[in-house]
Amino acid sequence: MAGLQTGELDLAFGMTGKLLPRLMADKSLRWDSHFTGPWRLMLPGSNESGSPFRDKRVRQAVSLTINRQFLVTQETQGIGKPWGNWISPENRDALQGPDAPVPAYNLEKAKQLMAQAGLADGFEVEYTPFPPYFDMAERIVTDLRAIGIRGKVQSLEGPAFRAKVGQGRKGFPGNRTIVQNIDPRAGGSKANIGVYAVCDSASSFICDPQIEALWKRHQASLDLAERERLVKQIQR
């Protein structure tokens, strides 16, 4: 922000949270919205035995307890758009619209799901956000606390964060970590899946037999329609 105001910088991006109202109020600066990709929460080892996130009801509860519209208002002054998929609509074959509805904020249902999963008292997690969006992380951690998920924000420098994410599952010991990430990536939906969601990727956060079976069929197929169908099935 200071670099833009002094003229040292001609262009910057990622001005959200507390900086955005200041930027919008400065008549010497111009701004424009840029939808590069959705924020997403990644759960390293969520498919493993012993992870509370292995239970689908817990993952659903996490989703339902996040007040997306409030986040959009606080972080982007209402410019951002809640999105129902972890893959950007700009990516080819991304599920969207009725196939990827935005989950409604429903705290009561989230509490019910946690109780049904036997975790009414919640549990503790480490929360690792994409730097420097720590204010957003604190807002999400506050939302999660309402269903008993107690998080401690781990503030990392950019290079350290990217190094850990690049290691995938190995970068985050244990299976009670939430990673807040954003990763605009060219190459269609399969590029994101191939990096973060398949067993043989060094950056994968999970190794799920169901996803793996669909991915192997996708990789072996020469039928474009079948490949598109399989990529979309993985996203479901």
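The rules behind these values
- Residues numbered from 1 in each chain as written.
- Predicted model: local features only at pLDDT ≥ 70, side-chain atom pairs only at ≥ 80, totals over all residues.
- Heavy atoms only, no water.
- Axes fitted to C-alpha atoms, helices over the stretch in contact; angles between N-to-C directions.
- Helix = DSSP H or I, 4+ residues; strand = E, 2+ residues; numbered from the N terminus.
- Parallel < 35°, antiparallel > 145°, perpendicular 65-115°, else oblique.
- Left-handed = near helix turned anticlockwise from the far one by under 90°.
- Contact = heavy atoms within 4.5 Å.
- Nonpolar A, V, L, I, M, F, W, Y, C, P; charged D, E, K, R; others polar.
- Expected span 1.5 Å × (residues − 1).
- Buried < 20%, exposed > 50% of the residue type's maximum accessible area, 1.4 Å probe, protein only.
- Arc of directions from axis to C-beta.
- Phe/Tyr/Trp six-rings, centres within 6.5 Å; stacked < 30°, edge-to-face > 60°.

Participant: What is the right way to read the packing of helix α4 (residues 68–76) against helix α6 (residues 134–145) from this model?
Facilitator: Packed helices, taken two at a time, are described by the angle their axes make and the gap between the axes. Two numbers describe how α4 lies on α6: the axes approach to 11 Å, and their chain directions differ by 155°. As the angle between them shows, α4 and α6 are arranged roughly antiparallel. The element α4 and its partner α6 pack so that their crossing is right-handed. For the pair formed by α4 and α6, the contact residues are F70, L71, Q74 and E75 on the first element and D135, M136, R139 and I140 on the second. Across the contact of α4 with α6, the residue classes tally to four nonpolar, one polar and three charged.

Participant: Quick question: what am I supposed to make of helix α10 (residues 224–235) here?
Facilitator: An α-helix turns once per 3.6 residues; consequently, residues spaced three or four apart project the same way. The terminal C-alpha atoms of α10 lie 17 Å apart, and with twelve residues this matches the ideal 16 Å at 1.5 Å per residue to within 8%. Regarding α10, the residues found buried are R227, L230, V231, I234 and Q235. The arc that holds the buried residues of α10, viewed along the axis, is 145°, so those residues lie on one side. Each element contacted by the buried residues of α10 is listed here: α8 (189–196) and α9 (209–220).

Participant: Quick question: what am I supposed to make of the packing of aromatic side chains here?
Facilitator: Aromatic ring pairs are reported here in terms of the distance separating the ring centres and the angle at which the planes meet. By the definition in use, this model includes seven aromatic pairs. Relative to Y133, the ring of W39 has its centre 4.9 Å away and its plane inclined at 70°; by these criteria the two rings are edge-to-face. On the criterion of sequence distance, the pair formed by W39 in the loop between α2 (19–25) and β1 (40–42) and Y133 in the loop between β2 (123–129) and α6 is long-range, its members being 94 residues apart. What makes W39 partly exposed here is its relative accessible area of 32%.

Function-wise, these values are silent; they only describe arrangement.
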